[in-house]
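In case you want the letters, here they are:
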Amino acid sequence: MALPAAFFALFFAYPVAAIVGRGLKADGAWQFGRIGTVLSRPDILDVLRFTTWQALASTVLTLLVALPGAYVFARFDFPGKQLLRAVVTVPFVLPTVVVGTAFLALLGRGGFLDELWGVRLDTTVWAILLAHVFFNYAVVVRTVGGLWSQLDPRQEEAARVLGAGRLAAWRRVTLPALAPAVAAAALMVFLFTFTSFGVVQILGGPAYSTLEVEIYRQTAQLLDLPTAAVLTLVQFAAVAGILAVHAWTVRRRETALKLVDPAQTSRPPRGAGQRALLGGVLLSVLLLILLPLGVLVERSLDTSGGYGFAFYRALQSADASGSTFLVPPLDAIGNSLRYALVATLIALVIGGLAAAALTRRRAGRLVRGFDALLMLPLGVSAVTVGFGFLITLDEPPLDLRTTWILVPLAQALVGVPFVVRTMLPVLRAVDDRLREAAAVLGASPLRAWREVDLPLVRRAVLVAAGFAFAVSLGEFGATVFIARPDNPTLPVAVARLLGRSGELNYGQAMALSTILMLVCAVSLLVLERIRTDRSGEF
């Protein structure tokens, strides 16, 4: 645990604490009275109310839309199922900037709905809610569907034989078994939407602001560090509470259930009702997931002179975007790939060591508690982390502010939780007696790990690397602060292009977003081919 603990202390706890300290300290003394002053402001109360309301609404809407999909993927066998499961997972690893851009092309001015029916939904709360459902659909399908596919259907059939109706049997037998998984999925969706940044910033406009967006505005635009520090503490407390409840639901999910091989529960749909359900789920996937992605691609090709690759060709020149870039926007692709590869390597080392430590039977309560702390970077303000990097890592021996490694370090913070969550179940499944037998035969701990653990977890490592690479590629909140103007990443480049008016800038933003989407989609398709039932869930 030494290296993971040091990594998180130096590159997460220290920057966040520094930002909070600067905001709540004056003349060397803590000014805790600022907390009450800030939280009593009407504008801040409106932000807190909207943040909580939209997270609750997004969670309920996501469950309503995605639970039928979880059942279909768990119980039905149909052509293209594996490909479709990879497709519905693509939005989860897409950068929020790309998600916002896709829905802007679908719902915004001059968008698909505007041209078709004259309907615009950008700068409305509905655009935000729909984008959140798009983003989190896979969380419910994977989390709930993964368990649903392993529940023995004969238990529900036995209840029906004893006289229970279909609905009563499902409510009394299946639902209690699924409840912890549904609760865990709901909490994760609430966490991701509670801390939403890119989607709200692009689609909400000035009328809507979540905590994360308000922290960015107070920090980057108004330079009001006291307000930003208070909001960071509020978000930190809320995220810690959500993660504590999530850990409790996960422990409940691990209670004894009669599980079977998913291959035994999956069968082709039978009857008109099941075929109608399958058709409804496929239609919802088409409209909710494939349509926004398709419109994004279409907008990247739709130029004033007709369909073509003019926007893609313009990415090769910095002059085409005016003064937006010091280098051609196309350079952002190479920058992002290099940064993501380094971030993935860091995340694998840190996350792999942490997962290995957490699997030891003699791990104490302190080590087990660190498991929850590893999830905090997913919920704590990335804006705060990025700004904290700038004000803390600027003096020897850690004067990193002008170096390229700063971006991969920030991206690795987001990748480590995915590595831990992917590798931990597989490492826990390795029989300790295999390691002990290797030790009895004279193998050192390092050789025992290389000969016993590594062959068993190789696929999990590949899956973890894929997820870490995808989320690192799309990290935006922290990178927007620390990416240098001459080395922008893809999400930062998209945000800069969207921030400037003009058809060419808009088209280039769509083109870059399409490229980023395709890279993430290819990563997910590769993962779907190598995943196992144990290592494939997140």
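Note that the structure is predicted; figures quoted are calculated from it, not measured. (Residues numbered from 1 in each chain as written. Predicted model: local features only at pLDDT ≥ 70, side-chain atom pairs only at ≥ 80, totals over all residues. Heavy atoms only, no water.)

Novice: Help me understand the overall build of the chain in this model?
Specialist: Helix and strand counts for the chain stand at 24 helices and 6 strands. In terms of principal-axis extent, the alpha carbons of the chain reach across some 70 × 60 × 50 Å. When burial is assessed residue by residue, the chain has 53% of its 538 residues classed as buried. When contacts within the chain are restricted to residue pairs at least 6 apart in sequence, those whose partners lie at least 24 apart make up 79%. Counting only carbon and sulfur atoms, one obtains 63% of the accessible surface of the chain, whose full area is about 23500 Å². (Helix = DSSP H or I, 4+ residues; strand = E, 2+ residues; numbered from the N terminus. Buried < 20%, exposed > 50% of the residue type's maximum accessible area, 1.4 Å probe, protein only. Contact = heavy atoms within 4.5 Å. Areas by Shrake-Rupley, 256 points an atom, 1.4 Å probe, with all protein chains shown as cover.)

Novice: Whenever I open this one, the pattern of salt bridges confuses me. Can you help?
Specialist: As a working rule, side chains carrying opposite charge can pair if their charged atoms are close by. Applying the stated rule across the entire model yields 7 salt bridges. The partner of Arg 299 in a salt bridge is Glu 298, with the nearest N and O atoms 3.5 Å apart. Arg 299 sits in the buried class, given a relative accessible area of 6%. Arg 484 is the salt-bridge partner of Asp 486, the closest N and O atoms lying 3.6 Å from each other. The exposure class of Asp 486 is partly exposed, given its relative accessible area of 30%. Classification of Arg 484 as partly exposed rests on a relative accessible area of 36%. Here the salt bridges do not stand alone but share partners, grouping Glu 115, Glu 298, Arg 299 and Asp 302 into one network. (Salt bridge = Lys/Arg side-chain N within 4 Å of Asp/Glu carboxyl O.)

Novice: Where do I start with a nonpolar patch on the surface in this structure?
Specialist: A cluster of nonpolar side chains, contributed by Leu 3, Leu 345, Val 349 and Leu 353, occupies part of the molecular surface with about 350 Å² of accessible area. Per element, the largest residue contribution to the nonpolar patch is 3 residues, and it comes from helix 16 (residues 331-358). Checked against the element boundaries, Leu 353 lands in helix 16. (Patch = residues over 30% accessible without salt bridge, like charges linked within 9 Å, V, L, I, M, F, W, Y side chains within 5 Å.)

Novice: I keep staring at empty space enclosed by the protein and nothing clicks. Help me out?
Specialist: In this approach the atoms are scanned with a rolling probe the size of a water molecule, which exposes any empty space left behind. Taken as a whole, this structure holds 5 cavities of 30 Å³ or more when the rule is applied. For the largest cavity, the calculated volume is near 580 Å³. What lines the largest cavity is a set of 27 residues, and nearest its centre among them are Thr 96, Phe 135, Phe 192, Leu 378 and Val 414. Mapped by element, the contributors of at least two residues to the lining of the largest cavity are helix 4 (81-93), helix 7 (125-148), helix 10 (198-203), helix 19 (406-429) and helix 21 (445-474). (1 Å grid on protein atoms, 1.4 Å probe; cavity = no way out; pocket = protein on both sides within 12 Å on 5 of 7 lines; lining within 4 Å. Points joined across faces, edges and corners; volume = space filled by probe spheres on them.)

Novice: Is there a simple way to explain the packing of aromatic side chains in this structure?
Specialist: Describing an aromatic ring pair means giving the distance of the ring centres and the angle of the ring planes. Summed over all chains, the structure comprises 16 aromatic pairs. Between the aromatic rings of Phe 92 and Phe 192, the centroid separation amounts to 5.6 Å while the plane-to-plane angle is 65°, which identifies the pairing as edge-to-face. One end of the pair, Phe 92, is in helix 4; the other, Phe 192, is in helix 9 (residues 166-194), with 100 residues separating them in the sequence. Taken as a pair, Phe 92 and Phe 192 share a single burial class, namely buried. Grouped by ring-pair contacts, the aromatic residues Phe 7, Phe 8, Phe 11, Phe 12 and Phe 389 constitute a single cluster. (Phe/Tyr/Trp six-rings, centres within 6.5 Å; stacked < 30°, edge-to-face > 60°.)

Novice: Got a minute to help me understand helix 5 (residues 96-107) in this structure?
Specialist: A turn of α-helix holds 3.6 residues, and therefore any two residues three or four places apart point the same way. Taking 1.5 Å as the rise per residue, helix 5 with 12 residues should run 16 Å; its terminal C-alpha atoms sit 16 Å apart, in good agreement. In terms of burial, helix 5 is a largely internal element, 11 of the 12 residues being buried. Every buried residue of helix 5 is listed here: Val 97, Val 98, Val 99, Gly 100, Thr 101, Ala 102, Phe 103, Leu 104, Ala 105, Leu 106 and Leu 107. (Expected span 1.5 Å × (residues − 1).)

Novice: What is the right way to look at the side chain of Thr 232 in this model?
Specialist: Among the structural elements, Thr 232 can be located in helix 12 (residues 225-253). Overall, the relative accessible area of 2% leaves Thr 232 in the buried class. When neighbours within four sequence positions are excluded, Thr 232 is seen to be in contact with Val 16, Val 20, Ile 215 and Thr 384.

Novice: Whenever I open this one, the packing of helix 5 against helix 23 (residues 490-498) confuses me. Can you help?
Specialist: Relative placement of two packed helices is described by the angle separating their axes and the distance separating the axes. Helix 23 packs onto helix 5 with a crossing angle of 40° between their chain directions and a minimal axis gap of 9 Å. By the angle between their directions, the pair helix 5 and helix 23 is classed as oblique. On helix 23, the residues that touch Val 97, Thr 101 and Leu 104 of helix 5 are Pro 491, Val 494, Ala 495 and Leu 498. Residues belonging to the contact of helix 5 with helix 23 are distributed by class as follows: 6 nonpolar, 1 polar and no charged. (Axes fitted to C-alpha atoms, helices over the stretch in contact; angles between N-to-C directions. Parallel < 35°, antiparallel > 145°, perpendicular 65-115°, else oblique. Nonpolar A, V, L, I, M, F, W, Y, C, P; charged D, E, K, R; others polar.)

Novice: What exactly am I supposed to notice about the environment of Trp 30 here?
Specialist: Relative to the elements of secondary structure, Trp 30 occurs in strand 2 (residues 29-30). We classify Trp 30 as partly exposed; its relative accessible area is 42%. For the pair Trp 30 and Asn 335, spaced 305 residues apart in sequence, the C-alpha separation works out to 41 Å.

Novice: Please explain the nonpolar core as it appears in this structure.
Specialist: Side chains of nonpolar character tend, in soluble globular proteins, to be buried together. If you look at the biggest cluster of nonpolar residues, it comprises 170 residues, and the most contacted ones within it are Phe 7, Phe 8, Leu 94, Tyr 137, Ile 289 and Phe 389. Of all the elements, helix 7 adds the most residues to this core, at 16 residues. Phe 389 has contacts with Phe 11, Pro 15, Leu 406, Leu 409, Ala 410, Leu 413 and Ile 482, leaving out every residue within four places of it along the chain. (Core = buried A, V, L, I, M, F, W, Y, C linked by side-chain atoms within 4.5 Å.)

Novice: Even after reading the chapter, I still don't get the packing of helix 1 (residues 2-24) against helix 16, so can you show me in this structure?
Specialist: Two elements in contact, helix 1 and helix 16, have axes separated by 8 Å at closest approach and are oriented at 125°. Judged by the angle between their axes, helix 1 and helix 16 are oblique. In the crossing of helix 1 with helix 16, the sense of the turn from one axis to the other is left-handed. Residues Leu 3, Pro 4, Phe 7 and Phe 8 of helix 1 lie in contact with helix 16, whose contacting residues are Ile 346, Val 349, Ile 350, Leu 353 and Ala 354. Tallied by class, residues from the contact of helix 1 with helix 16 come to 9 nonpolar, no polar and no charged. (Left-handed = near helix turned anticlockwise from the far one by under 90°.)

Novice: Help me understand the side chain of Arg 142, please; the structure alone is not making it clear to me.
Specialist: The topology assignment puts Arg 142 in helix 7. Separated by 3.1 Å, the side chains of Arg 142 and Thr 89 make a polar contact. (Polar contact = N/O pair within 3.5 Å; in protein donor to acceptor, adjacent residues only side chain to side chain.)

Novice: Would you mind showing me how to read helix 3 (residues 42-75) here?
Specialist: End to end, helix 3 covers 49 Å across 34 residues, agreeing with the expected 50 Å (1.5 Å per residue, within 8%). Along helix 3, the helix axis deviates most sharply at Ala 66, where the bend reaches about 35°; the proline Pro 68 sits within four residues downstream. (Bend = angle between axes of the 7 residues up to and from the residue.)

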